[in-house]
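Secondary and tertiary structure notes
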Amino acid sequence: MVEIPNNIRSKLDELTDAIRTSEIYRRYEHCRKEITSNPEVFATMDKFRHENFALNIRTESGSGLEPEVRSMLLDRFSVHTNPLIGEYLDAELEICLLLREVFEQLGLLAELNLDGFSDLL
């Protein structure tokens, strides 16, 4: 493992603090605490997340089946009728998109030539 130089470590600490104090992260943390306080709702939502993630891995873009299958998943788990689940999923997506953007910016800095991986990042 590479040891992070002190000057980068201090900026990394600043970045993580900035993310932790952002409205996006605070919303996510609030939603996470709310949903984990109800184990039954969390279990339903987590099963949906698992199957949705598996669907995203298996489904190729442009196949035309993804929206149909996702709709079936939503109906199966009835997660779209629970505002707590919807709020959590929205907050989770927002924090994931933020982190992905940060990672992409860092990747551009190092010129790692990740263009062929954009569908995976």
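Above this text is the structure in question.
Summary of the structure given here. (Residues numbered from 1 in each chain as written. Predicted model: local features only at pLDDT ≥ 70, side-chain atom pairs only at ≥ 80, totals over all residues. Heavy atoms only, no water.)

**Points about the pattern of salt bridges**
- On inspection of all chains with the given rule, the structure shows 10 salt bridges.
- Residues Asp13 and Arg9 are paired through a salt bridge, measuring 3.8 Å at the closest nitrogen-oxygen approach. With Asp13 and Arg9 both in helix α1 (residues 6-20), this residue pair falls 4 residues apart, about one helical turn.
- On the accessibility criterion, Asp13 (36% relative accessible area) is partly exposed.
- Between Lys11 and Glu14 there is a salt bridge, with its nearest N and O atoms 3.6 Å apart. Of this pair, Lys11 and Glu14 both sit in helix α1, 3 residues apart, roughly one helical turn. (Salt bridge = Lys/Arg side-chain N within 4 Å of Asp/Glu carboxyl O. Helix = DSSP H or I, 4+ residues; strand = E, 2+ residues; numbered from the N terminus. Buried < 20%, exposed > 50% of the residue type's maximum accessible area, 1.4 Å probe, protein only.)

**Quick notes on the environment of Glu34**
- Secondary-structure assignment places Glu34 in helix α2 (residues 23-36).
- On the basis of relative accessible area, Glu34 is assigned to the partly exposed category, the value being 38%.
- Along the backbone, Glu34 and Leu84 are 50 residues apart, and their C-alpha atoms lie at a distance of 7.7 Å.

**Here we look at the packing of α2 against helix α5 (residues 83-109)**
- Look at α2 against α5: their axes get within 9 Å of each other, and the N-to-C directions meet at 145°. In terms of crossing hand, the pair formed by α2 and α5 is left-handed. Here Ile24, Tyr25, Arg27, Tyr28, Cys31, Arg32, Glu34 and Ile35 of α2 lie close against α5, whose contacting residues are Leu84, Ile85, Glu87, Tyr88, Asp90, Ala91, Glu92, Glu94, Ile95 and Leu98.
- Classifying every residue of the contact of α2 with α5 by side-chain character gives 11 nonpolar, no polar and 7 charged. (Axes fitted to C-alpha atoms, helices over the stretch in contact; angles between N-to-C directions. Left-handed = near helix turned anticlockwise from the far one by under 90°. Contact = heavy atoms within 4.5 Å. Nonpolar A, V, L, I, M, F, W, Y, C, P; charged D, E, K, R; others polar.)

**A short note on α5**
- Taking 1.5 Å of rise per residue, 27 residues should cover 39 Å, and α5 covers 39 Å from first to last C-alpha, within 8% of that figure.
- For α5, the full list of buried residues reads Ile85, Tyr88, Leu89, Ala91, Glu92, Ile95, Val102 and Gly107.
- Two or three places before Leu84, at the start of α5, stands the capping residue Asn82, its side-chain oxygen 2.9 Å from that residue's backbone nitrogen.
- Once α5 finishes, Glu111 follows within two positions and takes phi at roughly 50°, a positive value. (Expected span 1.5 Å × (residues − 1). Polar contact = N/O pair within 3.5 Å; in protein donor to acceptor, adjacent residues only side chain to side chain.)

**Quick word on the nonpolar core**
- Formed by 16 residues in total, the largest nonpolar core has its most connected members in Tyr28, Ile35, Met45, Phe48, Ile85, Tyr88 and Leu89.
- Secondary-structure elements contributing two or more residues to this core are α2, α3 (39-58) and α5.
- With 6 residues, α5 is the largest single contributor of residues to this core. (Core = buried A, V, L, I, M, F, W, Y, C linked by side-chain atoms within 4.5 Å.)

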